[in-house]
Structure formats: structure tokens, C-alpha cells
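# Understanding the architecture of this molecule
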Amino acid sequence: MPIREIATQPFDDQKPGTSGLRKRVTVFQQPHYLENFVQAVFDTQPQLQGGTLVLGGDGRYYNRQAIQVILRMATANGVAHCLVGQGGILSTPAASCLIRKYQTQGGLILSASHNPGGPDGDFGIKFNTPNGGPAPEKVTEAIYQRTLEIDRYRILDADDIDLDHIGEVSVGTMRVEIVDPVADYAELMRQQFDFDAIAGLLRGDFRMAFDAMHAVTGPYAKRILEEQLGAPAGTVVNGVPLEDFGGGHPDPNLTYAAELVARTQGPQGLDFAAASDGDGDRNMILGRDIFVTPSDSLAILTANHRVFPAWRDGIPGVARSMPTSQAVDRVAKALEIDLYETPTGWKFFGNLLDAGKIAFCGEESFGTGSAHVREKDGLWAVLAWLNLLAVEQRPVREIVRDHWRRFGRNYYTRHDYEGVDKTKAEALMERLRRILPTLQGECYDGPRILRADDFRYVDPVDGSVSEHQGLRFLFEDGSRIVYRLSGTGTVGATLRIYIERPETRPERLEDDTQAALAPLITASHTIADLAYHIGREEPDVIT
Ligand code: G1P
Ligand code: ZN
């Protein structure tokens, strides 16, 4: 079968965002679009020649077609061996697990995470490096630069292969192994957590649900929770991955997982419920009558790390993305471990994890994980909570409240303004950036602004510098307002405003977050002059 060199022309829009190249399916369906990007990966990652590539995705529309194209291109570019999840399925953390376990030269993960799927939805692709993590900026930048000059790609002329049966086939000279997408990942989970304790909990009168949102975690959750840990059949809902995620938003948050939230409310509510997103890296944790914010979840898991067999002897440190609440900072301080503050995006945790500086890390955007892989991991967080609950034997709400009493609470919310005109959103940020220094010392019916800056990160491991990672306003009482523009959207701009206030007085640990933050929310509108710049003061999504 001949390898063909196809002439092509560059697209100018293939710059990977916060997590890979993410576009409408229709964009990816343009002739040569996917091929150009994939060729740019092969051209800039010579270690793949003669090496092994992991390949799989979240099962969304176009997953299978893309896999067939990538396999033909991989062999044409000299890849020797490819591990593909059965049916083209691999959750993002499971792909990371395979890359690491089999010491491969990298992986291509096909996903647009929590964005809707189907022919009119989104598709995405990202390259993960041999450490199992998303490519760092210097790699994604090299790939992007290559897409700007690409003039040909290599592809084998061959038929599609059967992706549905476990076993080995060849594509040209490349050996393709279709693997069980769950087995290695499930084994890794067993090494992290006390499966006997969790099984004991699930065999009792504990009632829980896991919502896979018709996305990739269905098969993982069914195997681990129902088959291995003995949760009753039906614990996993929406457990069959669908190409369009059943028409829904596979995004576990209070808006898109509202039905699940309802099942946890009231005296008959479930003891525990959780959900994951399209590609299985995000998590939402709920107890009866309580939503555990991702920021609190990171803080609580860190405070309790000794209940996890993998971390029984202690942890070196933790990291959070800059906009994530400072709840974990208090825990790190109390435990006398290191705390790192990184820009948004999981890739920034990679070096810290590789260097053994941190055990856990997390983002406010429903991302939590540990050093077991180099991606955030939805099911890992769920199992961590189950492990904690099995040891503690008390309701989620009590655990969280006790945590607040011990460490204090950080009221925290994120307000998203979606579909904002890009030019207007950029103008807003530009103005804020310009006036930052003049706002120092200002006061908006509350504490003074102690410091205002444009977050800049110097990687403590390799010294690389990332500029303009969000505008921070730090108040003298520890409150914060942060502004940044989303790097994952596919239409217009999304402005994210993150608002936080610490409360350490136990008698003031009132419940309603939005009320507790009301003065700061108002200040956040004034500081950025939202009404003037985008003509709105009501966010589309409040988390
Ligand atoms: C969003 C989240 C960010 C996360 C990313 C990928 O990015 O805010 O924390 O790493 O999705 O899941 P954003 O759209 O804000 O750039
Ligand atoms: Zn995701």
C-alpha cells in the first residue's frame, strides 16, 4: 500500500488553546484541516518515529473518523506501534495512564472536553508528551508554528480498521493494539485507594449516584464502581457514551447536572453524588444538601491525604491554579507543606508533578488530580471522596463544615459572561491592565486593594515564564477579584470573574455564597466598568 504525500496549504487558526486545538466539527471536516495539525505534531515530535503513540478520545461525533485518519498518518510518518482504546474510547486520564505505564513517546487525545458534541458541536485534539501530560507551551507553540508553514502531509492509502475488537492489527508497517480502555486505569485506581474500605461503604446502606452525562466515563464508572466495588446496578446513570452526549452539555456543574443535584436534596436525598465531563477529567462532588466546591474539595482532600493508601506517608506539596480559591493555602500552611500557584490549565502542573514537588493539584473549574497521572481525573476525585467517606463514616456536609471550622472558609464564586464580542472583551482587559497600578489602595465600600497585578508565572522547575495569566486584585482582608478571558471557547469571548472572601469567624460561616460575596461582586462590576464595556452586569453562568 502506497504512502502518499498530499500537497496542502496552511490554515491560520490552528493555535492550541488552554487544552489543545478545539473547533467546531465543521471546521475539522474541512479538507486537510485535521491532517495539517496532525502532520505538524509528527513534524515537531521526532521521538514518535519508531516509537509508540497512544490514541483515543471521548467518543464524540467525528472521533472514529479522526482515529482512522490519524492511524494512516501515523504509519506514514514512521510510528512503529499504536495503542488505541477499543471503540476509539479513552478518557483523558486513562490516556495519560497508558502513556506513562507503557512509557510511550506520547499520545493524541481527541476531545473537546465538556463542550457539546454532535455534527454541530465541537471537536478537539491535543498532543500529550511522554510524561502523560498536556504538551507544555513551548511544544504547542512549535506545533502551531509548524501549522503556519505546512505544505504537505504523509498518509497511507489503506482501508479503515476495525476499532471494536480487542487485539492486534497492522496498518502498513505499524502494529496497532486495540486495548481495553478501562483495565489499566482501573488497576491504577486500585493502587491509589482503599478498595476494601470503599466496597464496605457501598455494601451498606450508603446511597449514591454517578452521572456519566452520556460521555466517556460511563464504561469506567460501571466497571470500577459497580463491578469492582459492588455498588448496586444503576448507580451509574447516563453510562453509555453517545456521539452527541444525548444532546446535552457534558459539563458537571450546578446548571448542567441539575437533575443530579435535585437527587441529593432533602431528607431523602442521596448520601453522595458525583458527575464527570465529556472526556472524564472533570468532577463534581455533592453530598446530601451540599455542593462541595472544587476549591474546597482540593483543600479537604489535601487535609485528609493520610487516608489514601498512596499518600499515607505524607505529601510534599500541593498546587492550585491562580483563580482557584485560597482554601488550600490555609491547609498547606497548617500542614507545613509547599503551595504553588500556577496559571490556568493543567499543563502548568506537569513540571511540579514530574519533579515530585506536589502530590495533589486542582483548579476551580471542577478539576482535581494527583501525581498518579498528568491530567486532572474525574473518577480519581470521586474515589478519593468515597475513600474519605468510608474512613470518616459521616455525612459529606459534616466533613465540609468541620473543615471550615478548623481552617476557615473561603466563600468563592465564578461569574461567566459568555458570547461577548471579542474586541469589547479585549478592550475591557486592556483598560484594566493599564489602570491596575492606579487602583492600588482604592476601596469599594469595603477593604482596600492591597495589590493589583497581571499574573506572571515563572516555572520553578524549568524557569519558563508565562505572562498575562489574569488580572488580580488582592484586598487587605485576603479577598480577591480575578479577571481573565477564557482560552477554551469556540465562539466570541468568555469573560470570567472569580470572586473570593475568607471567613474565619465560626459564628459567621453563613450559607449563601452569593450573599456573602455581594459587596465584592458589586465592586467587580465597578472596577471593570462592565456596564460600559459589555453592556451587561448579569452573568450567564454562576458557579
Ligand atoms: C477552562 C478552565 C480551566 C481548565 C480548562 C480545561 O479554561 O477555566 O481551569 O483548565 O477549561 O478544562 P478557560 O476556558 O477558562 O481558559
Ligand atoms: Zn474535560
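Here is a short report on the structure shown in this document.

Each value, and the rule that gives it
Residues numbered from 1 in each chain as written. Chains lettered and ligands numbered in written order. Predicted model: local features only at pLDDT ≥ 70, side-chain atom pairs only at ≥ 80, totals over all residues. Heavy atoms only, no water. Near = heavy atom within 4 Å. Polar contact = N/O pair within 3.5 Å; in protein donor to acceptor, adjacent residues only side chain to side chain. Areas by Shrake-Rupley, 256 points an atom, 1.4 Å probe, with all protein chains shown as cover. Nonpolar A, V, L, I, M, F, W, Y, C, P; charged D, E, K, R; others polar. Donors = N, O, S within 2.8 Å, 3.2 Å for Na, K, Ca; no water. Tetrahedral: all angles 85-135°; square planar, octahedral: opposite > 155°, others 65-115°. Buried < 20%, exposed > 50% of the residue type's maximum accessible area, 1.4 Å probe, protein only. Phe/Tyr/Trp six-rings, centres within 6.5 Å; stacked < 30°, edge-to-face > 60°. Helix = DSSP H or I, 4+ residues; strand = E, 2+ residues; numbered from the N terminus. Lys NZ or Arg CZ within 6 Å of the ring centre and 35° of its normal.

### Thoughts on the site of ligand 1
- Around ligand 1 there are 15 residues in total, and S365, S486, G487, T488 and R496 lie nearest to it.
- Taking S486, its side chain carries an N or O atom lying 2.6 Å from an oxygen atom of ligand 1.
- Here an oxygen atom of ligand 1 sits 2.6 Å away from a polar atom, N or O, in the side chain of R496.
- Protein contact buries 98% of the 380 Å² of open area that ligand 1 shows by itself.
- Within the shell around ligand 1, the residues separate by chemical class into no nonpolar, 8 polar and 7 charged.

### Some remarks on the coordination of the zinc ion (ligand 2)
- Surrounding the zinc ion (ligand 2) are the protein donor atoms S113 (OG), D277 (OD), D279 (OD) and D281 (OD), which sit 2.0 to 2.1 Å from the metal.
- For the zinc ion (ligand 2), the 4 donor atoms are set out with angles of 87 to 162° between them, so the coordination reads as irregular.
- Binding-site remark: the zinc ion (ligand 2) is held by donors from one chain whose sequence spacing is S-x163-D-x1-D-x1-D. For the pair formed by D277 and D279, the shared burial category is buried.

### A few points about the packing of aromatic side chains
- One pass over the full model with this rule turns up 15 aromatic pairs.
- For the pair Y62 and F123, a centre-to-centre distance of 5.3 Å together with 80° between the ring planes defines the contact as edge-to-face. Taken together, the positions of Y62 in the loop between strand 3 (52-57) and helix 3 (63-76) and F123 in strand 6 (residues 122-128) put the pair 61 residues apart, joining distant regions of the chain.
- We classify F123 as buried; its relative accessible area is 0%.
- Every member of this aromatic cluster is reached through a ring pair, and the members are F11, F28, Y33, Y62 and F123.
- Residue placement shows R409 over the ring face of W404; its charged tip is 3.8 Å from the ring centre.

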